[in-house]
Protein chains: 4
Amino acid sequence: MKALLTGFEPFGGDRLNPSEMVVRRFSEVGTSELPGLEIHTVVLPVSFRRAGMVLRGLLDELKPDIYIGLGLSAGISFVTVERVAINVKDARIPDNDGEQPVDEPIDPDGPAAYFTTLPKKAIVRRLRESGIPAAISNSAGTFLCNYVTYISLHYSARYGYPRRAGFMHLPLLPEQAATRSGERAGIPPSMSLDTMMRAVKIALGTTMEMFGGPDERLPP
Amino acid sequence: MKALLTGFEPFGGDRLNPSEMVVRRFSEVGTSELPGLEIHTVVLPVSFRRAGMVLRGLLDELKPDIYIGLGLSAGISFVTVERVAINVKDARIPDNDGEQPVDEPIDPDGPAAYFTTLPKKAIVRRLRESGIPAAISNSAGTFLCNYVTYISLHYSARYGYPRRAGFMHLPLLPEQAATRSGERAGIPPSMSLDTMMRAVKIALGTTMEMFGGPDERLPP
Amino acid sequence: MKALLTGFEPFGGDRLNPSEMVVRRFSEVGTSELPGLEIHTVVLPVSFRRAGMVLRGLLDELKPDIYIGLGLSAGISFVTVERVAINVKDARIPDNDGEQPVDEPIDPDGPAAYFTTLPKKAIVRRLRESGIPAAISNSAGTFLCNYVTYISLHYSARYGYPRRAGFMHLPLLPEQAATRSGERAGIPPSMSLDTMMRAVKIALGTTMEMFGGPDERLPP
Amino acid sequence: MKALLTGFEPFGGDRLNPSEMVVRRFSEVGTSELPGLEIHTVVLPVSFRRAGMVLRGLLDELKPDIYIGLGLSAGISFVTVERVAINVKDARIPDNDGEQPVDEPIDPDGPAAYFTTLPKKAIVRRLRESGIPAAISNSAGTFLCNYVTYISLHYSARYGYPRRAGFMHLPLLPEQAATRSGERAGIPPSMSLDTMMRAVKIALGTTMEMFGGPDERLPP
């Protein structure tokens, strides 16, 4: 079984992005704990133009069974599994190419939204049982994270791959939170890289199991 | 011009719902400040079955130009204008009839989502200029608030009315926050009823202006 | 009976300070609702050097029965009644004179702390019963708010007046929160000026009652 | 050099207390990374009566150079180093013996407060430089954490030992936050046990260094 796992490079003034670090760690340590899974990892640019091109190219080349996108959501204290991606680009800050689309559709001919197709509830349940704070999220925002999720689900709908696709948001790393201490709003929550790594492994493993057995009740 | 404004009755153990109070206040004081607007106000039951029936009945009967739904979002400190409604019912707690749908579609034949059609950005801008904390929200949740928004937009798409529809979430009232003081998580944020009333008037006025002039750039 | 009520001018880049506005409103509308109370209101500079001088001068001149200091605590969602003032100046930002003491004592010969002598618990109870979110706070910080509280209690201990002294922190006003909407940390909580006015009247009234009857159980 | 490190047993319905786990881990792994330090670890009962007795007994027996108390502060996202302990017991919930003192002095003859004597600012600086979110806190609350800190500083003042004493609050562990997911207020922040262990080692090491060189500027 083949999975594509993407993270993002840093943006918005940060020097680190936990999603990049998780993806790089995966490419180093491999996935011996997930036998039967061939995993491909890529760090995407925080650029609407380039991220879309790179992701489409990868999906066409790899035709993965599973796609999980990872991204940073500064301020959350837990891992989220996204429920839906919406057909809009609305950037509060410019992307790393200086582009800042406002209320533009991702695909003028696409539907308003796609529901993600990972076993969301099962993943969140396993994460919590494993001692990892996690929740379903009903919005992936309107920046790059929502964008790549929409694109991957558009691919699923149109071409049949990835067969299951979705997105997980990660908190800041402790070393990022530590440097924000002087800010007006205080120190934001964080999560260790080890816990994030465990979370993504659990998400991949839970998704793999779906393919073997009877399908879980799918979201509408 | 005709507007339908709905609030919700209390739920989840609360004795008050600010959206109900705003709607009742509107029906008492009238809308002399919004000349040319005929406003109809209704308090909806917090019941998937009955709220849908009541709202569909009202939309058919009134054929309003504008629909604004109001609801409570305990924990927010500002008014939100919702961007999108998604085709799912997923209740964390039972509704007031004891129903608790999990991951069910609102309409099995409907699209995954509808974008709301109020002038969202313009409303938020006016609210802030008027000293009212406000923001666009990208999720109306998966309970009754999202449900009635989806239904109203489904009506717009199918029957052409309401011509503009959307939803605003309101914080707790101060008197509600005051009674939650002993809870583990501390005292949640709140907003005065007067400020909420001003916010809804501004939302109605801003939406009315749209019908006269050239359309604002619509969301995708 | 004589009361001194102080607020602070704006600081740290803000154009407003709710404590100043409450104090000015008191001086305009008077205190006919608090018969028997002669109330003096002053807006203090946000300057360690000048605030101390002004407050000491006022206490010597007025010899008030009651002193209540008011100040802003950006980020809280409720009114606090402070329990204690500590003998330290430790400023995260410069005061309005550009002074920024770090870990200095307010009074090298003074005790480490004074407990405030307003009927704190009774005030919080009345505030909540009146629908106003409120709580005891165990720290007035280490900036101007703690400073004037310490000074007033030092006066009480040394000279016998004010007979009861303490401090209340106020949230941001809605119009302040509205302008912070674009910040990284989102929109902070706020409270209406009317609610703040009611809160301070209740605090004054509750404190006045103490002088008539048997003393409430005092803090240690 | 001798240090006493205390944690607390679980309380208030929790099955875990991170301060207990840090202390137990220290007693297992030893402190080979802190050469020259003889470290004694104890888990204190969450009981005003028994915690005081146990701590006084330990201080008399060990006469430690350094005392660091550890405790849980559910809801914080970072480690705190406390600045001050105040002479009050005011319990929001009963302790594990069912005692719930309200506004009682810890020591009717003691001062209103003691400033802690660890190198607080240096510890926080090192923690942040080491990538650990940390801040000075100006209140240790009015429950057991403040209580043992006050007692240890009272001992320092009266008997000369511990020579340096203070308290650090720890966030929830991820596995604790994970089980709170269904609560009204959402999922609280957390920190991994490994990060907490590193934080306490840094605090001990930074305090040890003080004894060798010229004293750091002391708090007032």
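Up top is the structure these notes are about.
All values reported here derive from a predicted model rather than from experimental measurement.

## A short note on the overall build of chain A
Line of reasoning, step 1. Across its full length, chain A holds six helices and eight strands.
Line of reasoning, step 2. Shown N-terminal to C-terminal, the secondary structure of chain A runs as helices and strands in the order β-α-β-α-β-β-β-β-α-β-α-β-α-α.
Line of reasoning, step 3. The C-alpha atoms of chain A give 16 Å as radius of gyration, which agrees with the globular expectation for 220 residues (17 Å, within 12%).
Line of reasoning, step 4. In terms of overall dimensions, chain A has C-alpha extents of about 50 × 40 × 30 Å along its principal axes.
Line of reasoning, step 5. Across the 220 residues of chain A, 62% fall into the buried class.
Line of reasoning, step 6. Looking at chain A alone, contacts between residues at least 24 apart form 78% of all its contacts between residues at least 6 apart.
Line of reasoning, step 7. Here chain A has roughly 8,200 Å² of accessible surface; of this, 49% comes from carbon and sulfur atoms.

## Topic: empty space enclosed by the protein
Line of reasoning, step 1. In total, this model carries five cavities of 30 Å³ or more according to the counting rule given.
Line of reasoning, step 2. Roughly 60 Å³ of internal volume is contained in the largest cavity.
Line of reasoning, step 3. Looking at the largest cavity, the residues that line it are Pro 174, Ser 190, Met 191, Ser 192 and Thr 195 of chain A together with Pro 174, Ser 190, Met 191, Ser 192 and Thr 195 of chain D.
Line of reasoning, step 4. Grouping the amino acids of the lining of the largest cavity by side-chain chemistry returns four nonpolar, six polar and no charged.

## Looking at the relation of the copies chain D and chain C
Line of reasoning, step 1. For the pair chain D and chain C, the relating rotation is 180 degrees, the translation along its axis is 0.0 Å, and the fit reaches an RMSD of 0.0 Å. The operation mapping one copy onto its partner corresponds to a two-fold rotation axis.
Line of reasoning, step 2. In this assembly, 100% of the residues forming the interface of chain D have copies in chain C that are likewise at the interface, indicating an isologous arrangement.

## Digging into the layout of surface pockets
Line of reasoning, step 1. There is about 410 Å³ of room inside the second largest pocket.
Line of reasoning, step 2. In terms of lining, the second largest pocket is formed by 24 residues, of which the most central are Ser 192 and Asp 194 of chain A together with Ser 192, Asp 194 and Thr 195 of chain D.
Line of reasoning, step 3. Taken together, the elements giving at least two residues each to the lining of the second largest pocket come down to helix H5 (174-179) and helix H6 (193-212) of chain A together with helix H5 (174-179) and helix H6 (193-212) of chain D.
Line of reasoning, step 4. Taken together, the residues of the lining of the second largest pocket break down into eight nonpolar, eight polar and eight charged.

## Regarding the relation of the copies chain A and chain B
Line of reasoning, step 1. It takes a turn of 180 degrees to lay chain A on chain B, together with a shift of 0.0 Å along the axis; the resulting RMSD is 0.0 Å.
Line of reasoning, step 2. Interface overlap between copies: 100% of the residues of chain A at the interface are likewise at the interface in chain B, consistent with a symmetric, same-surface contact.

## Points about the side chain of Thr 149 of chain C
Line of reasoning, step 1. One can find Thr 149 of chain C in helix H4 (residues 144-159).
Line of reasoning, step 2. Setting aside anything within four residues of it in sequence, one finds Thr 149 of chain C in contact with Ala 85, Thr 116, Gly 166 and Phe 167 of chain C.

## Thoughts on the packing of helix H2 (residues 48-62) of chain C against H4 of chain C
All names here are of chain C.
Line of reasoning, step 1. Taken N-terminus to C-terminus, the directions of H2 and H4 make an angle of 30 degrees; their axes are 10 Å apart at the nearest point. Compared by their axis directions, H2 and H4 come out roughly parallel. At the point where H2 passes H4, the crossing takes the right-handed sense. Between H2 and H4, the residues in contact are Phe 48, Ala 51, Gly 52, Leu 55, Arg 56, Leu 59 and Asp 60 and Leu 144, Tyr 147, Val 148, Ile 151, Ser 152 and Tyr 155, respectively.

## Comments concerning the packing of aromatic side chains
One pair of aromatic rings is described through two measures. These are the centre distance and the angle between the planes.
Residues and elements named next belong to chain A.
Line of reasoning, step 1. Enumeration according to the criterion identifies 28 aromatic pairs over all chains in this entry.
Line of reasoning, step 2. Here the aromatic rings of Phe 48 and Tyr 147 are separated by 5.1 Å at their centres, their planes lie at 75 degrees, and the arrangement is edge-to-face. A residue pair is termed long-range when its members are at least 10 positions apart, and Phe 48 in helix H2 (residues 48-62) and Tyr 147 in helix H4 (residues 144-159) qualify at 99 residues. Each of the two residues, Phe 48 as well as Tyr 147, counts as buried.
Line of reasoning, step 3. Connected via pairs of aromatic rings, a cluster forms that spans Phe 11, Phe 48, Phe 143 and Tyr 147.

## Brief notes about the interface of chain D and chain C
Line of reasoning, step 1. The partner chain C presents 22 residues to the 22 residues of chain D that form the contact.
Line of reasoning, step 2. The contact between chain D and chain C buries some 1,800 Å² in all, and 58% of this surface belongs to carbon and sulfur atoms.
Line of reasoning, step 3. Residue Arg 83 of chain C is joined to Asp 103 of chain D by a salt bridge in which the shortest nitrogen-to-oxygen separation is 2.9 Å.
Line of reasoning, step 4. Joining chain D to chain C, the criterion identifies eight residue pairs in polar contact (both at pLDDT 80 or more).
Line of reasoning, step 5. Of all the secondary-structure elements, those providing two or more residues to the side of chain D that touches chain C are strand S5 (84-86) and strand S6 (113-115) of chain D.
Line of reasoning, step 6. The greatest single-element share of the side of chain D that touches chain C, amounting to three residues, is contributed by S6 of chain D.
Line of reasoning, step 7. Considered class by class, the residues forming the side of chain D that touches chain C number 11 nonpolar, five polar and six charged.

About the thresholds
In this numbering scheme, every chain counts its residues from 1 along its sequence in written order. By the order in which they are written, chains take letters starting at A while ligands take numbers starting at 1. Only residues with pLDDT of at least 70 get local features here, since the model is predicted, and only at 80 or more are side-chain atom pairs given and counted; chain-wide, interface and lining totals rely on the full set of residues. The side-chain numbers reported here are obtained from all heavy atoms of the structure, hydrogens and water having been left aside. Helix and strand assignments come from DSSP, with helices taken as H or I runs of at least 4 residues and strands as E runs of at least 2, each series counted from the N terminus. Each radius of gyration reported is based on C-alpha atoms, and the globular scaling rule is 2.2 Å times the count of residues to the power 0.38. Note on exposure labels: buried denotes an accessible area under 20% of the residue type's maximum, exposed denotes more than 50%, and partly exposed covers the range between, all computed with a 1.4 Å probe on protein chains only. By definition in these notes, contact holds between two residues if any of their heavy atoms fall within 4.5 Å. Using a 1.4 Å probe, accessible areas were evaluated by the Shrake-Rupley method; residue-level cover was limited to the displayed protein chains. Any residue with an atom within 4 Å of a point lines the site, the site being either a cavity, points on a 1 Å grid over the protein atoms alone where a 1.4 Å probe fits but cannot get out, or a pocket, an open set with protein on both sides within 12 Å along at least 5 of 7 lines. Grid points are joined across faces, edges and corners, and a volume is the space filled by probe spheres set on the points. When residue character is reported, Ala, Val, Leu, Ile, Met, Phe, Trp, Tyr, Cys and Pro are called nonpolar, Asp, Glu, Lys and Arg charged, and the others, Gly included, polar. The copies are overlaid by a least-squares fit using only the C-alpha atoms of residues whose pLDDT is at least 70 in both copies. Under this scheme, a helix contributes an axis fitted over its contacting stretch, all axes are lines through C-alpha atoms, and angles between N-to-C directions fall in the 0 to 180 degree range. An angle below 35 degrees is treated as roughly parallel, one above 145 as roughly antiparallel, one from 65 to 115 as roughly perpendicular, and anything else as oblique. Crossing handedness is read from the near helix: turned anticlockwise from the far helix by less than a right angle, it gives a left-handed crossing, and turned clockwise, a right-handed one. Note on ring pairs: Phe, Tyr and Trp rings are taken, using the six-membered ring of Trp, and paired if centres are within 6.5 Å. Classes follow the plane angle, with under 30 degrees stacked, over 60 edge-to-face and the rest tilted. Summed over both partners, the accessible area lost on bringing two parts together, with a 1.4 Å probe, is the buried area. For salt bridges, the criterion is a side-chain nitrogen of Lys or Arg within 4 Å of an Asp or Glu carboxyl oxygen. Two N or O atoms count as a polar contact when they lie within 3.5 Å, although within protein this holds only if one can serve as hydrogen donor and the other as acceptor, and sequence-adjacent residues are included solely when both atoms are side-chain atoms.

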